[in-house]
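Per-entry structural report
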Amino acid sequence: MNRPVAVAASFFLFGLLFASFAHVVHVWLPCLVLFSGLTCSILAQKRRALRLLTVALVFSGSGGFIWVLHHADGPGDPFSRIAETYHDVPVEIEGHVLQAGLVNPKHESITLIVAVDRYQLSDGVVRQTEGNVLVRWIHPDKQPYCGERVRVRGQLSVTIAQVNPGIGGVETYYRLQNVHSMITAADLGSVERISEAPLLSPAYWASRLRAALATRLAAVMPKQILPFVYAVWLGERSSLSEGEFQSYVESGTAHILSVSGVHVSIIFLSADFVLGLFIRSRRTRATLSVLIVLLYALMTGASTPSVRAALMVCIYLAAEFVDRDPDTPTALSIAALVFLVWNPDLVFDVGFQLSFLSLASILVFSAPLQNGLDALRSRIVRTIRKKRVPDAESRAWQFLRAPVATTLSVQILPVPMAVRAFHVFSVSAPFSNLLIIPLLTAVLWLCFAASIFCWFSPALAQIFGHAAGPAIILIQRVADWSRVSYAVTTPTPTAVALLWSGAFAWLTVGSALGASRKWFRGTLATGLLVLSLVFWRPLFPEPEIVFLDVGHGDSAFLCFPGGGTALIDAGDKVKNVDYGKRIVTPFLLSRGLTHLDLLFVSHSDSDHIGGALTIVDRFSVGAVILGPHPSDNPMEQDLIGRCNRRGIPVRRTTQGDTWKLGSGTFDVLYPSAGQAPEKGTNENSLVLRVHFGNLSILFPGDVEDTAESKLADIDCRCDILKVPHHGSATSSTPAFLNRAAPKAAVVSTGGRQGSEPVDDTVMLRYREREIPVWRTDYEGAIRVRYRRNSLVIEGEREIREYPMPRTN
């Protein structure tokens, strides 16, 4: 074991992941493994062969023990368990601000994270509690700071955002930050400062520094570049427009928009390079580099990602102070152990993964790439000139090779995780990053200088601020010009492991002695990379029905036994929210899909057809199926136009038609082409009964009482009913429910966020008939699957063990 810390960290990670995936809840199992390791350590003193087994048992047992200990109290925190009972009711809380957004007059709301210690319901009794809550403060009138004590009044919710299979999303992000409930504070004065933060609180002063810098930078920098500066320097991305952010996603450069390992690495490497030109003492350079990196993390507001990355660099440079060469695997392993012991949930946090992998990728691959570039350049020069390279040109090359190697290396390890996060692979990313990373380096140092001089010389700060303008504009132009990307399905864990193994195998090719060894290692590396593409998608997709959580709207995905995929509706598209882009597209890509066999659109209301516009643009579709009666809704006309441009067949279907797909069938029960269209689009909804194996599911769209009375006169029996019209009072009539006689029901709803909230009287009708009801606003996406020949219906929040509202 040449690097025992790296080996130990690997086993610790294995134990942690095993405990999480195997749902180990009792501490006795990891303790047993740990005890076995300690026992082996006694024997290992005499037998070297047992040392590796000792390390494996001790650290894998420790990883499992840390995971179980961290989750000993079950999902959520004490306050979220209160929110489970009092979901969607007014509440008043008091606590300390842990994290605060920047107040901007252009924004209607900001978010705070508050550590709650007391709360009060409508009964007026103040009760003690603890937990972290996300506060969405609408129309803020003051800038909050970390450490301040505040009183918040608003609507309590244990759900934070939509939760769907295969998608991280907003709620997942906050759950991993130990935030398990939310309060919407919308009234005037709903957030009140009770007391100032402690004078010696580092978080308070970092928060004040961040807010003050935002104000001062706004005064010394051109307004058109401020959103970008706020994103890459202060970690405040909310000022960026959706179009600008999408440009960076599609050009493969979105990683530059959040303060993380990339930024810290750039500051560290460029500072170390410049210091190396003037200071020969490695220890002195390391000391100055540590101070610069820590100062950078402080100036960016001491955000969690920047502090994590700064600490990684500090651990890496610590070797200089004990007269040892920096050892990248050892430094990264120590950093991983520290962070995962502090919060084991970080292993599933995309921000942590990308930050850690970006820094690791630079530290591991930058030097070998520089050597490879030197060798390649020498070969090219000898071939062309057939003579030695002049020293002046060599010195110029020394300045160029480091930025090029850094730019290339930072993309190696994070690529598959970035694809998992954004589901986009940019063909132009390696080339656009070659331009953008050096430009970003200049921007960061100009922001650094502007942030220092703005306190005592605004005129000088303004020079640096305006100097950053051309570089930022050029970055934006490069991102726009290089938007050559493809939607990419989510790679399987096997594919990620093979991809990384291939990258590390290529790393060893240069150090191999002899042409035969180089050939063998190169072939092995290439073979691993090819295998990663083979295993990129699931080889055997699981048959399932998923009622997606798309807020107030409908979208259901069906993957039939034996093959065949279909989508019924695709969610809403309103203002800046396109659920087809935000939820349905990443969900389909997470299932390894780039093609749909059938897309049914029940009717032309926005909350059903809106997302379909994105689906027909992003995916190949076998056919789009509409109801028999054309609509004058612009969205339906837009959908048909897009299908015609892409060569996607559009079919009208009517009562009595049957559509076959693999082992499944779609029976059209309503409406009839011969009947006159009803008033309003809801009553003309396409009603489908789907046969999925031995299961029948009824999809009635938004039909109301008139259409339901006609359905009650025909055979519309089903095992599962998608509740009509989101559970509103206009549907689910007694006669229809008696005729359909479902064994279970699913409501696709956004709760009070929708224009028609779920009606209590309607829910009572289902309870009276002993029909269990699943709600997407309570339980997230609803998944229907066969497990061991038995039908299983689960909510995604239950699967992920998230807190959720308690129902009677």
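Notes on the structure follow. (Residues numbered from 1 in each chain as written. Predicted model: local features only at pLDDT ≥ 70, side-chain atom pairs only at ≥ 80, totals over all residues. Heavy atoms only, no water.)

**Description of the overall build of the protein**
When its secondary structure is counted, the protein shows 28 helices and 25 strands. If you line up the protein on its principal axes, its C-alpha atoms span 90 × 70 × 65 Å. Across the 808 residues in the protein, those meeting the buried criterion constitute 53%. Residue pairs in contact within the protein that sit at least 24 positions apart in sequence constitute 71% of those at least 6 positions apart. For the protein, the exposed surface amounts to about 36700 Å²; the carbon and sulfur share of it is 60%. (Helix = DSSP H or I, 4+ residues; strand = E, 2+ residues; numbered from the N terminus. Buried < 20%, exposed > 50% of the residue type's maximum accessible area, 1.4 Å probe, protein only. Contact = heavy atoms within 4.5 Å. Areas by Shrake-Rupley, 256 points an atom, 1.4 Å probe, with all protein chains shown as cover.)

**Points about the environment of Asp-667**
Structurally, Asp-667 can be placed in strand E18 (residues 664-670). When its relative accessible area of 17% is taken as the criterion, Asp-667 is described as buried. Among the polar contacts made by the side chain of Asp-667, one reaches the side chain of Thr-658 at a distance of 3.2 Å. Of the polar contacts made by the side chain of Asp-667, one reaches the side chain of His-691; its length is 2.9 Å. (Polar contact = N/O pair within 3.5 Å; in protein donor to acceptor, adjacent residues only side chain to side chain.)

**What about the pattern of salt bridges?**
Under the counting rule described, the total for this entry stands at 29 salt bridges. A salt bridge links Glu-92 to Arg-153; the nearest nitrogen and oxygen atoms lie 3.5 Å apart. Remark: Arg-153 occurs in strand E4 (residues 149-157) and Glu-92 occurs in strand E1 (residues 90-100); sequence separation between them is 61 residues. Judged by its relative accessible area of 19%, Glu-92 falls in the buried class. Of the residues examined, Arg-153 reaches a relative accessible area of 31% and is grouped as partly exposed. With its nearest N and O atoms 3.0 Å apart, the salt bridge here joins Asp-715 to Arg-717. With a relative accessible area of 33%, Asp-715 lands in the partly exposed category. One continuous salt-bridge network, built from bridges that share partners, spans Glu-92, Glu-94, Asp-117, Arg-118, Arg-149, Arg-151, Arg-153 and Glu-192. (Salt bridge = Lys/Arg side-chain N within 4 Å of Asp/Glu carboxyl O.)

**What to know about the pairing of strand E3 (residues 126-138)**
As judged from the eleven bridges shared by strand E2 (residues 109-120) and E3, these two strands associate in the antiparallel manner. Residue pairing in the sheet places Ile-110 in a bridge with Trp-137 of E3. In sequence, E2 turns back onto E3 through a hairpin of five residues, with Gly-124 there showing a positive phi of about 80°. (Pairing = 2+ DSSP bridges.)

**Topic: the nonpolar core**
In summary, soluble globular proteins display a tendency toward joint burial of nonpolar side chains. Met-221, Phe-228, Trp-233, Ile-256 and Ile-475 are the most contacted members of the largest nonpolar core, which has 94 residues in total. The element contributing the most residues to this core is helix H16 (residues 429-453), with ten residues. Excluding anything up to four places from it in sequence, Trp-233 contacts Leu-213, Leu-217, Val-259, Tyr-296, Met-299, Thr-300, Leu-444, Cys-447, Phe-448 and Ser-451. Ile-167, Val-584, Ala-612 and Leu-613 belong to the second largest nonpolar core, which has 32 residues in total. (Core = buried A, V, L, I, M, F, W, Y, C linked by side-chain atoms within 4.5 Å.)

**Description of the pairing of strand E22 (residues 744-747)**
Burial along E22 is two-sided: the residues Ala-744 and Val-746 and Ala-745 and Val-747 are all buried. As judged from the three bridges shared by strand E21 (residues 720-722) and E22, these two strands associate in the parallel manner. Its bridge partner lying in E22, Ile-720 is registered against Ala-744. Note that the unit made of E21, helix H25 (residues 734-740) and E22 has a crossover that is right-handed. Both E22 and strand E23 (residues 773-775) contribute to a ladder of three bridges, which runs parallel. Each residue of the ladder has a partner; that of Val-747, found in E23, is Arg-775. (Right-handed = clockwise from strand over helix to strand, strands pointing away.)

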